[in-house]
Amino acid sequence: MRPTSHIGHAVAELKDLVASARSGIAFTGAGISTQSGIPDFRSPGGLWSRNRPIDFQDFVRSREMRLEAWRRKFALDDATAGAQPNIAHFALVELMRRGHLAHVITQNIDGLHQASGVPEDRLIELHGNGTYAACLACRTRYGLDWVRQEIATTGEAPHCPACGGLVKSGTISFGQPMPQEAMRRAEAAINGCDLFLALGSSLVVQPAALMPLMAKRRGAALVIINREPTEFDEIADIAIRGELGEILGEIVNVG
Ligand code: NAD
C-alpha cells in the first residue's frame, strides 16, 4: 500500500494507472453520494447511528415493521428529494467515455449513476433501486406515489393488486437474497477487469465486500479511495484517504 499521507503522489500514480486501464470497474458505495446530500450508513451521524436497518424477515413477518420501513423510506426520500449527481459521479462517466472504465458496480440504491449518464448495460446495481416499489412474489413494479397513497388511505402497507404478494421498495434488505442476475453480471465484469476502484465504501457489507478481493486475486490493480480506513487498504495497490469529488475531479481534469 502507498503511504496515504502523500496524497499528491498517490493521485499522480492513480492517474497513470487509470490512463492505462482498458476494462476498469468502479465499485461504489454510499460515500460517493454524500456530496450529493444523501447520508451514508456508517459515517458519524450516518443512517446506521440513527436506525438499525429493518431485516427482510421482519418486513415479511410483521405488519408494523412494513409500515415502519415505509415510514423511514419516505422520510429519507423527502429529506433527500432533488439530490443530483456530483463531480465524482460525473468523473466516472468521463472515464467511461475515455475508454478506461467498462462498468460501474454499485451498492447504492439512489439512482444517481443513471442520472449522471452511466448507461444501463454498464451499470450493475447489487442492492436494487429505491426509486420504485415491486411485488416480492410476481415482481410487478409500482410507483412510490401509489404506495404513499395506499398507506394514506388504508393505513396498511400495500399488497400487490395483481397477485396479493407483499409490495416492498425495490432495494435489497439485510437478510434478503441477492439479485442473481446482478451478481452474475458483476462476477463476469470482475473476471475481465484490469483495474478495480473501490470508492466510498466501508467494504463491510457482504457479499459485495468480497468483490475487491476477487478482482485482486484475478490480477486487477486494486485502488481504494475512502474517507476512512478499510480493512482492505493493506492489500490495495493504492489506497487514498480523502474526498471522492476532489480526487476523482483531479483524475479527470488532468488525465
Ligand atoms: P457505508 O456507509 O458503510 O460506507 C461509506 C464509506 O464512505 C464510509 O467509510 C465513509 O468514510 C466514506 N465516505 C463518505 N463520504 C465520502 C466522501 N465524500 N469521499 C470519500 N469517502 C466517503 O456504505 P456502503 O459501504 O455503501 O454500505 C452501506 C449499504 O447501505 C449499502 O448496501 C448501500 O446499499 C446502502 N446505502 C445506500 C445509500 C445510497 O444509495 N446513497 C446511502 C446509504 C446506505
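Counting from 1, residues in each chain are numbered in the order their sequence is written. Only residues with pLDDT of at least 70 get local features here, since the model is predicted, and only at 80 or more are side-chain atom pairs given and counted; chain-wide, interface and lining totals rely on the full set of residues. Computation of side-chain values covers all heavy atoms of the structure but excludes hydrogens and water.

Enquirer: When you look at the site of the ligand in this model, what are you seeing that I'm missing?
Expert: Proximity criterion: a residue is near a molecule or strand once any of its heavy atoms comes within 4 Å of it. Surveying the vicinity of the ligand reveals 29 residues, the closest of which are Arg42, Gln107, His127, Ser202 and Glu228. Here a polar contact is taken to be a pair of N or O atoms separated by no more than 3.5 Å, where protein atoms must pair a possible hydrogen donor with a possible acceptor and residues adjacent in sequence count only if both atoms sit in side chains. Within the backbone of phenylalanine 41, one N or O atom sits 2.7 Å away from an oxygen atom of the ligand. A distance of 3.0 Å is found between a nitrogen atom of the ligand and a backbone nitrogen or oxygen belonging to arginine 227. The method behind every accessible area is Shrake-Rupley, applied with a 1.4 Å probe, and residues are considered shielded solely by the protein chains displayed. Burial of the ligand by the protein amounts to 96% of the accessible area it has alone, namely 850 Å².

Enquirer: Can you help me understand the layout of surface pockets in this one?
Expert: The rule is simple: put a 1 Å grid over the protein atoms alone, call a set of points where a 1.4 Å probe fits but cannot get out a cavity, call an open set with protein on both sides within 12 Å along at least five of seven lines a pocket, and count a residue as lining if it has an atom within 4 Å of a point. Grid points are joined across faces, edges and corners, and a volume is the space filled by probe spheres set on the points. The space that makes up the second largest pocket amounts to roughly 410 Å³. Breaking the lining of the second largest pocket down by element, the ones donating at least two residues are strand E3 (123-125), strand E4 (128-135), strand E6 (167-171) and helix H8 (180-191). Taken together, the residues of the lining of the second largest pocket break down into eight nonpolar, seven polar and seven charged. Segments assigned H or I by DSSP are reported as helices when at least four residues long, segments assigned E as strands when at least two residues long, and all are numbered from the N terminus. Residues are grouped as follows: nonpolar covers Ala, Val, Leu, Ile, Met, Phe, Trp, Tyr, Cys and Pro; charged covers Asp, Glu, Lys and Arg; every other residue, Gly included, is treated as polar.

Enquirer: Help me understand the sheet that holds E3 in this model?
Expert: Strands belonging to one sheet form pairs held by backbone hydrogen bonds; the direction of such a pair is parallel or antiparallel. Here six strands make up an open sheet; going across it, the order is E3-E2-E1-E7-E8-E9 and the pairing parallel. What marks the edges here is a single partner per strand, and that holds for E3 and strand E9 (238-241). Here the strands of the sheet are splayed against their neighbours by 15 degrees on average, with no regard to which way each runs. As defined by bridge partners, strand E1 (residues 24-28) adjoins strand E2 (residues 101-106) across five bridges and the pair is classed as parallel. Along E2, the bridge assignment pairs threonine 28 with threonine 106. For this analysis, residues touch if any pair of their heavy atoms sits within 4.5 Å. Throughout, an axis means a line fitted to C-alpha atoms (over the contacting stretch in the case of helices), and angles, computed between N-to-C directions, take values from 0 to 180 degrees. On top of the sheet, helix H5 (residues 87-97) reaches E1, E2 and strand E7 (195-199); it is set at about 150 degrees to E2, its chief contact. Sheet strands in contact with H8 are E1, E2, E3 and E7, and its direction is about 135 degrees off that of E3. At least two DSSP bridges between two strands are required for those strands to pair.

Enquirer: Which parts of the structure should I look at to understand helix H1 (residues 7-20)?
Expert: Each full turn of the α-helix corresponds to 3.6 residues, which orients residues three or four apart in the same direction. Every helix has an expected span of 1.5 Å times one less than the residues it contains. Its 14 residues place the ends of H1 20 Å apart at the C-alpha level, agreeing with the 20 Å of an ideal helix rising 1.5 Å per residue. For every residue, the accessible area obtained with a 1.4 Å probe (protein chains only) is divided by the maximum for its type, and the residue is called buried under 20%, exposed over 50%, and partly exposed between those limits. Those residues of H1 not exposed but buried are Ala10, Val11, Leu14, Lys15 and Val18. Buried positions in H1, seen along its axis, are confined to an arc of 145 degrees and lie on one side of it. Turned more than 90 degrees from where H1 packs its buried face, His9 and Asp16 sit exposed. To be clear, the arc concerns the directions from the helix axis to the C-beta atoms.

Enquirer: I would appreciate a short explanation of the side chain of threonine 171 in the present structure.
Expert: Considering the arrangement of structural elements, one finds threonine 171 in strand E6. Its relative accessible area of 12% is what places threonine 171 among the buried residues. When residues no more than four places from it in sequence are discounted, the contact partners of threonine 171 are Ile109, His127, Gly128, Asn129, Gly130 and Gln176.

Enquirer: Any chance you could explain unusual backbone geometry here in plain terms?
Expert: Cis geometry is adopted by the peptide bond preceding proline 207, which originates at glutamine 206 and carries an omega value of 0 degrees. Structurally, proline 207 can be placed in the loop between E7 and helix H9 (211-217). Even without glycine at this site, arginine 139 takes up a positive phi of about 70 degrees. Relative to the assigned elements, arginine 139 resides in the loop between E4 and strand E5 (141-142). Here the phi dihedral of leucine 203 falls at roughly 55 degrees; this positive angle occurs in a residue that is not glycine. Within the secondary structure, leucine 203 is located in the loop between E7 and H9.

Enquirer: Explain the nonpolar core to me, please; I cannot follow it from the model alone.
Expert: Buried together is how nonpolar side chains tend to be arranged in soluble globular proteins. By nonpolar core is meant a set of buried Ala, Val, Leu, Ile, Met, Phe, Trp, Tyr and Cys residues that side-chain atoms within 4.5 Å join together. Of all hydrophobic cores here, the largest spans 29 residues; its most connected members are Leu14, Leu92, Leu199, Ile225, Ile240 and Leu248. Of all the secondary structure elements, the ones that give two or more residues to this core are H1, H5, E2, E7, strand E8 (221-226), E9 and helix H10 (244-254). When sequence neighbours within four positions are dropped, the list of residues in contact with leucine 248 reads Ala88, Ala91, Leu92, Leu199 and Ile225. Within the second largest apolar cluster, 25 residues are counted, among which are Ile105, Ala186, Ala198 and Ala208.

Enquirer: In this structure, what is going on with empty space enclosed by the protein? I would like to understand it.
Expert: Take a probe with the size of a water molecule and roll it over the atoms, and the empty space left behind shows itself. Tallying each qualifying case throughout the model produces two cavities of 30 Å³ or more. A volume near 30 Å³ is recorded for the second largest cavity. Forming the walls of the second largest cavity are Ile224, Asn226, Glu228, Pro229, Asp233, Ala239, Ile240 and Arg241. Going through the elements one at a time, E8 and E9 are the ones with two or more residues in the lining of the second largest cavity. Examining the composition of the lining of the second largest cavity, we find that three residues originate from one element, E9, more than from any other. The residue inventory of the lining of the second largest cavity, partitioned by class, reads four nonpolar, one polar and three charged.

Enquirer: Sorry, what's going on with the sheet that holds E5 here?
Expert: One open sheet holds the three strands; their spatial order is E5-E4-E6, and the pairing between them is antiparallel. Because the sheet does not close on itself, it has two edges, and the strands there are E5 and E6. Bridging between E4 and E6 involves four bridges; their strand directions are antiparallel. Residue pairing for E6: cysteine 135 is matched across the bridge by valine 167. Sitting on the sheet, helix H4 (residues 63-79) is in contact with E4 and E6, with an inclination near 45 degrees to E6. Against the sheet, helix H7 (residues 144-154) makes contact with E4, E5 and E6, and its axis sits at roughly 55 degrees relative to E4, the strand it touches most.

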